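Structure at a glance
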Amino acid sequence: MTQQTQQTQQTHGNDVAVRGEGAAVEGSGAAARKPRVNFAQAAPKAFKALIGFDAAAREGLDPALVELVQIRSSQLNKCAYCLHMHTSDARKAGESAERLHMVAVWEEAAHFFTAKERAALALTEAVTLVARGGVPDEVYERAARHFEEAELARLLALIFTINTWNRIAISTGKVPGTDER
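Rules and cut-offs
Residues numbered from 1 in each chain as written. Predicted model: local features only at pLDDT ≥ 70, side-chain atom pairs only at ≥ 80, totals over all residues. Heavy atoms only, no water. Phe/Tyr/Trp six-rings, centres within 6.5 Å; stacked < 30°, edge-to-face > 60°. Buried < 20%, exposed > 50% of the residue type's maximum accessible area, 1.4 Å probe, protein only. Helix = DSSP H or I, 4+ residues; strand = E, 2+ residues; numbered from the N terminus. Contact = heavy atoms within 4.5 Å. Patch = residues over 30% accessible without salt bridge, like charges linked within 9 Å, V, L, I, M, F, W, Y side chains within 5 Å. Areas by Shrake-Rupley, 256 points an atom, 1.4 Å probe, with all protein chains shown as cover. Salt bridge = Lys/Arg side-chain N within 4 Å of Asp/Glu carboxyl O. Expected span 1.5 Å × (residues − 1). Core = buried A, V, L, I, M, F, W, Y, C linked by side-chain atoms within 4.5 Å.

1. Some points on the packing of aromatic side chains
Scanning the model with the defined rule gives 2 aromatic pairs in all. Ring geometry for Phe39 versus Phe47: centroids 6.4 Å apart, planes at 70°, classification edge-to-face. Phe39 sits in the partly exposed class, given a relative accessible area of 25%. Relative to Trp165, the ring of Phe47 lies with its centre 5.8 Å away and its plane at 75°, an arrangement referred to as edge-to-face.

Structure, rendered in structure tokens:
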């Protein structure tokens, strides 16, 4: 297993919920919720396949860009678990608090992000919200101007994986701040 794959596994899989059956989690809206399936344990082949896909998607992409994409998708999907995880990862990697605060409003705060980052964020929004009208040609073409074909394909794969991770975390009731690594 590569170091990147191990990091991905640590980021998304070895983080078991730390609440007991029927335990209330203060301030989370999850009061008296019963524990849900541990996806990694219950579907290990699917989980490992997703880890591999995630690692392949990240390969060669700027780590700061990876976190920005994951943060924006998690915001749009309202996945507090992944949002907490990826903002924490970004801070640990040296991302400024100022830029992290601006991700949600990146279009209005364009000067905080490079043209390439803005193109990636626009593509992230279009793919994450694909049911609202697909991926507009102008959004795709903007990204294609900033990313060569193989890099663009990996960016798309990254967007696919974070959307999948968001859905796993939300569906299985992951609690923000409990990611044990």
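After presenting the structure, the write-up continues.
2. A look at the side chain of Thr87
Here Thr87 shows up in helix 5 (residues 80-92). Thr87 sits in the buried class, given a relative accessible area of 17%. Sequence-distant contacts of Thr87, that is, excluding residues within four places in its chain, are made with Ile71 and Leu100.

3. Re a nonpolar patch on the surface
Where nonpolar side chains cluster on the molecular surface, the patch consists of Val130, Val135 and Tyr140 and spans about 230 Å² of accessible area. Its location among the elements puts Val135 in the loop between helix 7 (115-128) and helix 8 (137-146). Judged by relative accessible area, Val135 falls into the partly exposed class, the value being 32%.

4. What to know about helix 3 (residues 44-58)
Across its 15 residues, helix 3 extends 21 Å between first and last C-alpha, which sits within 8% of the 21 Å expected from 1.5 Å per residue. Gly60 lies just past helix 3 and shows a positive phi near 85°.

5. Details of the nonpolar core
Counting residues in hydrophobic clusters, the biggest one holds 27 residues, and the most contacted among them are Val69, Leu123 and Leu155. Put simply, the parts of the chain that give this core at least two residues each are helix 4 (63-76), helix 7, helix 8 and helix 9 (149-171). Ignoring any residue separated from it by four or fewer positions in sequence, one finds Leu123 in contact with Val135, Val139, Ala143, Leu152, Leu155, Leu156 and Ile159. Ranked by size, the runner-up nonpolar core spans 12 residues in total, among them Ala40, Tyr81, Ile168 and Ala169.

Nothing here speaks to function; it is geometry throughout.
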